[in-house]
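This is what each chain is made of:
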Amino acid sequence: MLSVIIPAYNEEKCVKIAYDKISAILKENAIEGEFIFVDDGSRDETFKMITELSEEKGNVTGLHFSRNFGKESAISAGLASATGDCAVVIDADLQHPPEKIAEMYRLWEKGAEIVEGLKSERGRESRMKGLGAKIFYSVISRMAGFDMANSSDFKLLDRKVIDVINKMPERGFFRAISYWVGYNKGTVYYDVAERVDGESKWSTKGLFKYALSNITSYSTAPMQIVTFLGFVMLAISVIFGVWALIDKIIGRALEGMTTVIIITIFIGSIIMISLGIIGYYIARIYEEIKGRPKYIVSSTVKSVRK
Ligand code: UDP
Ligand code: MG
């Protein structure tokens, strides 16, 4: 059986459309499936829609978060309650073409343990967002050590992989975790479709925070940059130090206040940036060490199997 995990945040209109579309595709391809809708603390009628679906149909589970915990948490919750032999994660807005699920499923049957959905084209988005995504993926790919350009959360995972991910206590980045775990991979290319309804739930600020937290959770390279900058500053200061001493010896001191000011400001800013980076990691450690749950499920609905 295939578990279809659908994170949904304020997607009241998309829930039913997604269900109908995906279940038609499963039927066509004779794939048995269950649906897990994770309502990420929506403020609209999303959960009501999910509840209705679960009463109407025989294969729908709905989880409702007590507040908005973010898509990563919604995916974790979905994976934790999936009961299938494999599971696919797909957006509620159908920007991930559901037809591809059948293709992914076939690859899984042939032995792929993770089937990645890769974007062949990024769909319509603003130039800034496209550029941001490009920078983010090139940075994280280099730091984390695997190429993740064009990756997305549209993936199919084998039971083994789901179990491994469920056991990971960290607040990871789903997209990268599935690379990190390894396993046999299959790939499916897809074009990003237009949203069925509503608009993207990401603000620029949200995306920036998301990028930052993912980079730091996969790499400590920024901290090493701090050390590197420290050495560069040390080298520069040795040169200036020798220079200043020579000036002093030949009695040419006092001049060069400008240099002093520039160096002071420069070192000051490097130290502040460095402290900021270190502080950011400490904050992450603090977050993890508190051991708070990744999400809180405030209510659950489940279809009676028909
Ligand atoms: N989503 C979520 N929690 C959030 C934001 C988004 O569960 O805090 C879900 C959303 O309902 C959708 C998917 O994640 O199913 C992708 O979100 P969206 O379409 O807004 O992002 P984009 O496609 O613009 O990257
Ligand atoms: Mg979308």
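Our subject is the structure listed above.
Here is a short report on the structure shown in this document. Predicted model, so just to flag it, every value in this text is computed and none were measured. Throughout, a residue's number is its position along its own chain's written sequence, starting from 1. Lettering for chains starts from A, numbering for ligands starts from 1, and both go in the order in which the items are written. Two thresholds apply to this predicted model, a pLDDT of at least 70 for residue-level local features and 80 or more for giving and counting side-chain atom pairs, whereas whole-chain, interface and lining totals are computed over all residues. Remark: hydrogens and water are excluded; side-chain values derive from all non-hydrogen atoms of the structure.

Overview of the packing of helix 3 (residues 71-81) against helix 6 (residues 159-167)
Where helix 3 meets helix 6, the closest approach of the two axes is 9 Å, and the angle between their N-to-C directions is 125°. In terms of axis orientation, helix 3 runs oblique to helix 6. The two elements helix 3 and helix 6 meet at a crossing, and its hand is left-handed. Contacts from Ser 76, Leu 79 and Ala 80 in helix 3 reach Ile 162, Ile 165 and Asn 166 in helix 6. Angles here are taken between N-to-C directions and fall from 0 to 180 degrees, while the axes themselves are lines fitted to C-alpha atoms, restricted in helices to the stretch in contact. Secondary structure is summarised from DSSP: a helix means a run of H or I of at least four residues, a strand means a run of E of at least two, and numbering begins at the N terminus for each. Every angle not falling under 35 degrees, over 145, or within 65 to 115 is termed oblique; those three ranges are roughly parallel, roughly antiparallel and roughly perpendicular. The handedness criterion is simple: a crossing whose near helix is rotated anticlockwise from the far helix by less than a right angle is left-handed, and one whose near helix is rotated clockwise is right-handed. Only heavy atoms enter the contact rule, under which two residues are in contact if any of them lie within 4.5 Å.

Points about the pattern of salt bridges
Whenever Lys or Arg places a side-chain nitrogen within 4 Å of a carboxyl oxygen from Asp or Glu, that contact is recorded as a salt bridge. A complete count under the given rule lists 11 salt bridges for this structure. Put simply, Glu 52 and Lys 16 hold a salt bridge, and the shortest N to O gap is 2.9 Å. Note that Glu 52 is positioned in helix 2 (residues 46-56) and Lys 16 in helix 1 (residues 12-28), a separation of 36 residues in sequence. Judged by its relative accessible area of 25%, Lys 16 is partly exposed. Residue Arg 106 is joined to Glu 109 by a salt bridge in which the shortest nitrogen-to-oxygen separation is 3.0 Å. Summary of the burial criterion: residues with accessible area below 20% of their type's maximum are buried, those above 50% are exposed, and those between are partly exposed, where the area comes from a 1.4 Å probe applied to protein chains only.

A short note on the coordination of the magnesium ion (ligand 2)
Each pair of donors in an ideal octahedron of six around a metal sits at 90 or 180 degrees, and each pair in an ideal tetrahedron of four sits at 109.5 degrees. Distances from the magnesium ion (ligand 2) to its protein donors, Asp 93 (OD) and Gln 95 (OE1), fall at 1.9 Å. Overall, the relative accessible area of 22% leaves Gln 95 in the partly exposed class. Each metal's donors are the N, O and S atoms found within 2.8 Å of it, except that Na, K and Ca use a 3.2 Å limit; water is left out, so coordination can look incomplete.

Focus: the pairing of strand 1 (residues 2-8)
The element strand 1 is extensively covered by neighbouring structure, given that seven of its seven residues are classed as buried. Here strand 1 shows a buried face lined by Leu 2, Val 4, Ile 6 and Ala 8 and a second buried face lined by Ser 3, Ile 5 and Pro 7. Paired strands are those between which DSSP finds at least two bridges. Bridging between strand 1 and strand 2 (residues 33-39) involves seven bridges; their strand directions are parallel. Within the sheet, the bridge partner assigned to Ser 3 lies in strand 2 and is Glu 34. Traced from strand 1 through helix 1 to strand 2, the parallel crossover comes out right-handed. Across four bridges, strand 1 lies against strand 4 (residues 86-89) in parallel orientation. From the neighbouring strand, Leu 2 faces strand 4, where its bridge partner is Cys 86. By convention, a crossover is right-handed whenever its connection, traced from the first strand over the helix to the second and viewed with the strands pointing away, goes clockwise.

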